[in-house]
Amino acid sequence: MGAGRTATVFGAYGHTGRFVVAELARRGFVPVLSGRDADRLAAMARETGWEARPASVADRASLDRALAGTAAVINCAGPFAATAGPVVEAALHAGIPYLDVAAEIEANADTFTRFAGRARQAGAVVVPAMAFFGGLGDLLATAAMGDWAAADEAHIAYGLSSWHPTAGTRTSGAVSRERRDGRRIRFARGRLEYREDTPPTLEWDFPAPLGRRAVIGEFTMADVVTIPSHLAVPDVCTYMTVEAARDIAAPDTPAPAAVDESGRSGQTFLVDVVVRSGGAERRAVARGRDIYAVTAPLVVEALERVLTGRTRAVGVVSAGRVFDAPDFLRALSPHVTVAPRP
């Protein structure tokens, strides 16, 4: 097993990876910088003082060296369709936990399908999608469910003020579209469905200050993998504000721009979650800033809990399955403000 509080960050020099490295350091971890670009790693090592270990998913020995002697690995390198499998394999070989920040639906589904049995038999913890998309929605839905053993449906509405995508987001999106042959995806009747029709435009009543907004319905995100992986909910639907959907679709939308010394952008978000069972309804809402930056406290809080044994399961597990969801959400303050919604 890896020792102490040293964690390898694969893809450390990427936009999200840099936030994760900074958050690890802030919380007393020792980051090990890794990724395939040796020059960028060397520059980041000079900048931060942390050790750099170049590695490639095409070179298993290099991954083994990158993980050697560390307590865990956080994979921040997309497209995760290419990186998740090799890095999970290396983590299992090293006997250390694996976490990633993948938003790719197919890559997350692949991780559950491919590694569930092996990780469970090894007593290993593998947490995919421990990020804004996939992780936060799952925690909110799990907390909203409370003592319900099952629900008829779950709805996660994303009220983003804008969405300036990183280069990694664009690359991952292109890989997902190619895997789907240009089709869109939704989760209904307990399974993923691939469709060629246009998703609906609807209206969603967000809490103040957003209020009633136009959203793209069935704008499907990683929550359709994480939530059904452990909650008995046959229909899971996600929504995105029209403005943010237009941003991510436009090829000329610029990358995020920092507006403060931490590197965060001015983007704000509101996540409104509704679960329904029969005629009853429960809701939870989260507010914060910068979907990329907030991924860092999400995944580092998860790492802290895994390494200190505050987990509820082993194997390939989503955030809501492996952690105490209400307690985890409380720990995210001041990064995210979470409250039940009447």
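Above this note sits the structure.
Residues numbered from 1 in each chain as written. Predicted model: local features only at pLDDT ≥ 70, side-chain atom pairs only at ≥ 80, totals over all residues. Heavy atoms only, no water.

A.B. asks: I tried to follow the nonpolar core on my own but got confused; where do I start?
C.D. replies: Among soluble globular proteins, nonpolar side chains are generally buried collectively. Core analysis: the largest hydrophobic core is formed by 105 residues, its most contacted members being Met-130, Phe-132, Trp-163 and Val-271. Of the residues forming this core, the biggest block, eight residues, is contributed by helix H6 (residues 132-145). Ignoring anything within four residues of it in the chain, the contact list for Met-130 reads Leu-99, Asp-100, Val-101, Leu-139, Thr-295, Leu-298, Val-299, Ala-302, Ala-319, Phe-323 and Phe-328. Counting residues in each nonpolar core, the second largest holds nine residues, with Phe-206, Cys-237, Val-274 and Val-285 among its members. (Core = buried A, V, L, I, M, F, W, Y, C linked by side-chain atoms within 4.5 Å. Buried < 20%, exposed > 50% of the residue type's maximum accessible area, 1.4 Å probe, protein only. Helix = DSSP H or I, 4+ residues; strand = E, 2+ residues; numbered from the N terminus. Contact = heavy atoms within 4.5 Å.)

A.B. asks: It is not clear to me how the layout of surface pockets should be interpreted in this structure. Could you clarify?
C.D. replies: Unoccupied space between atoms shows up once a probe the size of one water molecule is rolled over them. If you add up the space inside the second largest pocket, you get close to 400 Å³. As for the second largest pocket, its lining consists of 20 residues, and the residues nearest its centre are Phe-19, Ala-22, Glu-23, Ser-262 and Ala-296. For the lining of the second largest pocket, the secondary-structure elements that each account for two or more residues are helix H1 (15-26), helix H2 (38-48) and helix H10 (295-307). A total of seven residues in the lining of the second largest pocket trace back to one element, the largest contributor, which is H1. For the lining of the second largest pocket, the per-class residue count stands at 11 nonpolar, three polar and six charged. (1 Å grid on protein atoms, 1.4 Å probe; cavity = no way out; pocket = protein on both sides within 12 Å on 5 of 7 lines; lining within 4 Å. Points joined across faces, edges and corners; volume = space filled by probe spheres on them. Nonpolar A, V, L, I, M, F, W, Y, C, P; charged D, E, K, R; others polar.)

A.B. asks: Sorry if this is basic, but what is going on with the packing of H1 against H10 here?
C.D. replies: Relative to each other, H1 and H10 sit at 50°, their axes nearing to 8 Å. Taken together, the axes of H1 and H10 lie oblique to each other. Crossing angle aside, the handedness with which H1 passes H10 is right-handed. Each of Thr-16, Phe-19, Val-20, Glu-23 and Leu-24 in H1 lies in contact with H10, whose residues at this interface are Thr-295, Ala-296, Pro-297, Val-299, Val-300 and Leu-303. (Axes fitted to C-alpha atoms, helices over the stretch in contact; angles between N-to-C directions. Parallel < 35°, antiparallel > 145°, perpendicular 65-115°, else oblique. Left-handed = near helix turned anticlockwise from the far one by under 90°.)

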